Amino acid sequence: MPVASCGDPDLVTFPRSSSKPVQALPLALAAPDLPADELAIACASHAGTAEHRLAVLRLLERSGSTVADLRCGTHPPFDPAVAAELIRTGEAPTPLHHNCSGKHAGMLLSCVLGGWPKEGYTEHAHPLQVRIRELHAELGGVDLEQVEAGTDGCSVPAFALPLAAVARIFAGLAQPSGEHAQALERIFAAMTEHPFLVAGPGRLDTTLMPLVPGLVAKMGAEAFYGMGLRGGPRGPLGVAFKIMDGGERARAHVALAVLEALGVPLTPELRALAPTALHNWAGREVGGVRVELPLAFA
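In what follows, the accompanying structure is described.

What counts as what
- One numbering rule holds for all chains: residues counted from 1, following each sequence as written.
- Owing to the predicted nature of the model, reporting of local features is limited to residues with pLDDT of at least 70; listing and counting of side-chain atom pairs is limited to 80 or more, with chain, interface and lining totals taken over all residues.
- Note that water and hydrogens are dropped before the side-chain values are worked out from all heavy atoms of the structure.
- Every helix listed is a DSSP run of H or I at least four residues long, and every strand listed is a run of E at least two residues long, numbered separately from the N terminus.
- All radius of gyration figures rest on C-alpha atoms, and the globule criterion is 2.2 Å times the number of residues raised to 0.38.
- Exposure is judged per residue with a 1.4 Å probe applied to protein chains only, and the accessible area is read against the type maximum: over 50% gives exposed, under 20% gives buried, and values in between give partly exposed.
- We call two residues in contact whenever any of their non-hydrogen atoms come within 4.5 Å of each other.
- Residue exposure ignores everything except the shown protein chains as possible cover, and the areas themselves are Shrake-Rupley values with a 1.4 Å probe.
- In summary, the pairing rule links any two rings of Phe, Tyr or Trp, Trp by its six-membered ring, whose centres are within 6.5 Å, and it sorts them by plane angle into stacked for under 30 degrees, edge-to-face for over 60 and tilted for everything else.
- Between any two strands, pairing holds if DSSP finds at least two bridges.
- Angles shown run from 0 to 180 degrees and are taken between the N-to-C directions of axes, each axis being a line fitted to C-alpha atoms and, for helices, limited to the stretch in contact.
- Side-chain atoms within 4.5 Å link the members of a nonpolar core, which is a set of buried Ala, Val, Leu, Ile, Met, Phe, Trp, Tyr and Cys residues.
- Take the residue count of a helix, subtract one, and multiply by 1.5 Å to get its expected span.
- Criterion for a salt bridge: a side-chain nitrogen of Lys or Arg within 4 Å of a carboxyl oxygen of Asp or Glu.

## Focus on the overall build of the chain
- Across its full length, the chain carries 13 helices and 10 strands.
- Expected size for 298 residues packed as a compact globule is a radius of gyration near 19 Å; at 19 Å, the chain falls within 12% of this value.
- In terms of overall dimensions, the chain has a C-alpha envelope of 50 × 50 × 30 Å along the principal axes.
- A buried classification covers 51% of the 298 residues belonging to the chain.
- Counted over contacts in the chain with a minimum sequence separation of 6, partners at least 24 positions apart contribute 63%.
- In the structure as shown, the chain presents an accessible area of about 13,200 Å², 56% of it carried by carbon and sulfur atoms.

Structural data, given as structure tokens:
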């Protein structure tokens with residue numbers, strides 16, 4: 001039963017990249033001594049900066065893999081400065097610039113450590129992806145049959161499950177328990193200690209986590225967001241929300257509204273992440289953003 005809800009907590013939807021902490025769990029279990037920065041990049045939707053790419057290369061080296069082994073594809077880096085530099089120099093982006101390359105490097109290492117073939121690691125029937133689906137069900141507290149499977153933009157399986165189940169997954173990051181507790185705690189620590197690696201300059205995960213002690217946060221495509229909050233006024237909690245039109249413009253506003261409703265005081269630094277005034281290109285205020293969040297507490 002959710003602690004609080006708004007909309008339909010049973011909505012089945014794809015967390016997209018908000019699933020990355022779960023996708024990194026086999027790696028955390030198999031490599032308990034993995035440096036925290038490399039575990040963080042395995043959980044990341046990174047911006048393609050040099051710091052991000054170097055972390056991915058270190059992770060690839062551990063499995064004897066190269067950039068050519070990555071099956072994520074290629075897209076321009078999310079960081080505007082890096083993208084502009086590639087254009088200036090006439091260089092093409094590589095799979096290292098892909099926001100999911102850290103996840104893929106982590107999966108390759110999980111295969112080596114688990115005794116599974118690296119070949120076909122993105123396929124639904126691969127043992128690693130089968131295990132990741134099982135972990136979504138275990139951590140989300142649902143039957144395996146409730147975890148539906150599609151294919152994500154980076155070619156690995158994307159799993160859909162109820163919003164309330166994703167909230168339970170993030171609650172498990174905030175207060176790890178059970179057989180995976182130590183690995184989940186390491187994922188929480190890696191993400192919160194290395195917020196820059198999780199996203200990048202000016203991006204919500206990177207800016208939000210340091211401003212809220214005890215918060216782990218992970219964005220997903222199409223305006224999904226997951227948060228795990230420990231030590232808040234209501235105790236350890238998990239949060240998951242999906243903005244139905246996929247409009248990411250409202251994600252920071254909703255995240256802050258949820259945190260405030262859960263008793264987290266919004267400092268000026270936090271409020272600055274979600275300005276309410278809208279300005280046109282001439283600098284004139286032309287509108288605003290208002291969040292109405294009627295959370296119904298159980």
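## With respect to the packing of aromatic side chains
- This structure, assessed with the given rule, holds 1 aromatic pair.
- A centroid spacing of 5.8 Å and a plane angle of 45° characterise the contact between Tyr-225 and Phe-241, whose relative ring orientation is tilted. In this pair, Tyr-225 sits in strand 6 (residues 224-229) while Phe-241 sits in strand 7 (residues 237-242), placing the two residues 16 residues apart along the sequence. Here the two residues Tyr-225 and Phe-241 agree in accessibility, since each one is buried.

## A closer look at the sheet that holds strand 3 (residues 148-151)
- The sheet built from 3 strands is open, its strands ordered 2-4-3 with antiparallel pairing. The sheet is open, and its two edges are formed by strand 2 (12-13) and strand 3, each paired on a single side.
- Judged from the 2 bridges that link them, strand 2 and strand 4 (residues 157-162) form a sheet pairing that is antiparallel. By the bridge assignment for strand 4, Thr-13 is matched with Leu-161.
- Those strands touched by helix 8 (residues 163-174) are strand 2 and strand 4, and its axis lies near 105° from that of strand 4.

## Quick look at the pairing of strand 3
- Bridge analysis of strand 3 against strand 4 gives 4 bridges, and the strand direction is antiparallel. Paired with Ala-149 across the bridge in strand 4 is Phe-159.

## Things to note about the nonpolar core
- Ranked by size, the top nonpolar core spans 82 residues in total, and within it Leu-208, Tyr-225, Met-227 and Leu-259 carry the most contacts.
- Here Tyr-225 is in contact with Ser-18, Leu-204, Asp-205, Leu-208, Ala-217, Lys-218, Met-219, Val-239, Ala-240, Phe-241, Arg-251 and Ala-255, once residues within four sequence places are set aside.

## A few points about helix 12 (residues 251-261)
- Most of helix 12 sits inside the fold, with 9 of its 11 residues counted as buried.
- For helix 12, the full list of buried residues reads Arg-251, Ala-252, His-253, Val-254, Ala-255, Leu-256, Ala-257, Val-258 and Leu-259.
- Buried residues along helix 12 sit in contact with helix 11 (204-208), strand 5 (215-220), strand 6, strand 7 and helix 13 (268-271).
- Phi turns positive one or two residues past the end of helix 12, at Gly-263, with a value near 100°.

## Observations regarding helix 8
- Here helix 8 spans 17 Å end to end across 12 residues, near enough to the 16 Å set by a 1.5 Å rise per residue.
- A large share of helix 8 lies buried, amounting to 10 of its 12 residues.
- When helix 8 is considered as a whole, its buried residues turn out to be Leu-163, Ala-164, Ala-165, Val-166, Ala-167, Ile-169, Phe-170, Gly-172, Leu-173 and Ala-174.

## Re the pattern of salt bridges
- Under the definition given, this model contains 12 salt bridges.
- Residue Arg-88 is joined to Glu-85 by a salt bridge in which the shortest nitrogen-to-oxygen separation is 2.7 Å. Of this pair, Arg-88 and Glu-85 are both found in helix 5 (residues 80-89), 3 residues apart, which corresponds to roughly one turn of the helix.
- Given the relative accessible area of 62%, Arg-88 is considered exposed.
- One salt-bridge network, held together by shared partners, links Asp-37, Glu-38, Arg-58 and Arg-62.

## Examining the sheet that holds strand 6
- The 3 strands are arranged 5-6-7 in an open sheet whose pairing can be described as antiparallel. Edge positions in the sheet fall to strand 5 and strand 7, since each has one partner strand and no second. Between one strand and the next, the sheet's axes are offset by a mean angle of 10°, whatever the strand orientation.
- Bridge count for strand 5 against strand 6 is 6 bridges, and the pairing is antiparallel.

## Let's talk about the environment of Glu-119
- On the secondary structure map, Glu-119 appears in the loop between helix 6 (101-114) and helix 7 (127-140).
- In sequence terms Glu-119 and Leu-59 are 60 residues apart; their C-alpha atoms lie 17 Å from each other.

These figures capture arrangement, not role.
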